[in-house]
Structures are given as structure tokens and as C-alpha cells.
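# Analysis of the macromolecular model
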Amino acid sequence: MSQSKTDRLQSIGTVFAIVISVIAMFTSIYEANIMKSQQKAMVWPYINTSQNYNGQGFNISVYNNGTGPAIIKSVEITYKGIPLKDLNTLLDSLKPDRTFGYDVIRSNNINKYVFKSGEEKILFGFEWTDETRQALENAKYLDIKIAYESVLGDYWVYDSKTDSNEQKKFNAKIEYDN
């Protein structure tokens, strides 16, 4: 039995239709992936810290340099590898025999805080005194790790020692809470 010419043309047309459908399907998948990447880029957070010095004093600030909000999930501050639980522990580590108190200190709690794009907050800082200048000398032993999430559920960790952001989950050994 031989196929007629119209049957063969119909079979060839069917194959072409299937090939075109497969190409259209892969094109749609590719375009969807591009759109997903664009959505991530539009809400991408990027946490960083900075040390600021002026005539009044010193502070360490946290800021979101990304294009979208950063949802803070966990904060860990260590001094010489030892996790610190709060501002008092941090200050006692920087200057064990300190006599200065909250009258010269500025601080904000950033745990569970949502940083808008471009927003900056002082994590902690102090006015200049002879004692706070001595405490500042030990600030080089601090390591700040901040775990944060985008609105799309992507996780990152900022590490001040390496001044880097890595895409992964992180939970503090001891949650820093001032």
C-alpha cells in the first residue's frame, strides 16, 4: 500500500505544525524565565554597612543599596568570634572598664525591620569622648552578619568582615537585639 500524494503532504504539514508548536513552547518558556529575572531585579535588596566619622562622633550604619525592600531576618554581631546579645554586651566588649552610658550612645534595633530601597539606619554609635575613642580602637574586632530576604523569598547574608553578600539562609547563633 502506498500513500497518496495528499496523505504525504498532510503528514508533512502535521510534522511542521508539531515542530512550530514545540518551538513556540520553548520560546514561551524562555520569555517567562526572562520575565522572572526582570521581576527579581526590580525587587533585589542589597544590604551593606558603613562606618561614619564626623566632629560629633562615630557610628556604624546599615543601608539597603538594592532596588527593592530588604526584610531583616537575623542579626549576629560577634567580637573576636564571640556572639554578642545586646548593646551593653557590645559596649562592654569594646571597652570593658567603660564609665560612659546611654547619654553618649545612639542605637537602633534592626531585627525584623524592613529596609526600603535607599534607606539607612544607625545600628550603633557614640559621641566623641576619650573613652569612646578608646572603644573605637576595638571596633575592628567586630563582625556583623545580617540575614535578609527579598519580597520574592530569596535569602542573602551580608558579612562585614568580607564586605560581601552571599545568597543563602543564615540564623544567628545568638540573636543581637538592642
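Conventions used here
- Residues numbered from 1 in each chain as written.
- Predicted model: local features only at pLDDT ≥ 70, side-chain atom pairs only at ≥ 80, totals over all residues.
- Heavy atoms only, no water.
- Buried < 20%, exposed > 50% of the residue type's maximum accessible area, 1.4 Å probe, protein only.
- Helix = DSSP H or I, 4+ residues; strand = E, 2+ residues; numbered from the N terminus.
- Pairing = 2+ DSSP bridges.
- Contact = heavy atoms within 4.5 Å.

## Examining the pairing of strand S9 (residues 155-159)
Of all 5 residues in S9, 4 are buried, a share of seventy percent or more. Alignment of strand S8 (residues 142-149) against S9, held across 5 bridges, turns out to be antiparallel. Of the residues in S9, the one forming a bridge with Glu149 is Tyr155. As consecutive antiparallel partners, S8 and S9 are separated by 5 residues, and within that stretch Gly153 has a phi angle of approximately 90 degrees, a positive value. Where S9 lies against strand S10 (residues 164-166), 3 bridges are found, and the strand directions are antiparallel. Across the sheet, Tyr158 pairs through a bridge with Asn165, a residue of S10. Linking S9 back to S10 in an antiparallel pair, the connection comprises 4 residues, with Asp163 at a positive phi of about 50 degrees.

## Considerations on the side chain of Asp154
By secondary structure assignment, the location of Asp154 is in the loop between S8 and S9. Asp154 gets classed as buried once you look at its relative accessible area, which sits at 15%. Not counting residues within four places of it along the chain, the set of residues in contact with Asp154 comprises Lys40, Tyr148, Glu149 and Gln167.

## Quick notes on unusual backbone geometry
In this model, Lys112 sits at a positive phi of 65 degrees, which is unusual for a non-glycine residue. Of note, Lys112 is situated in the loop between strand S5 (105-107) and strand S6 (114-115). In this structure, Asp163 is a non-glycine residue whose phi angle is positive, near 50 degrees. Relative to the assigned elements, Asp163 resides in the loop between S9 and S10.

Remember that the coordinates give geometry; whether it matters functionally is a separate question.
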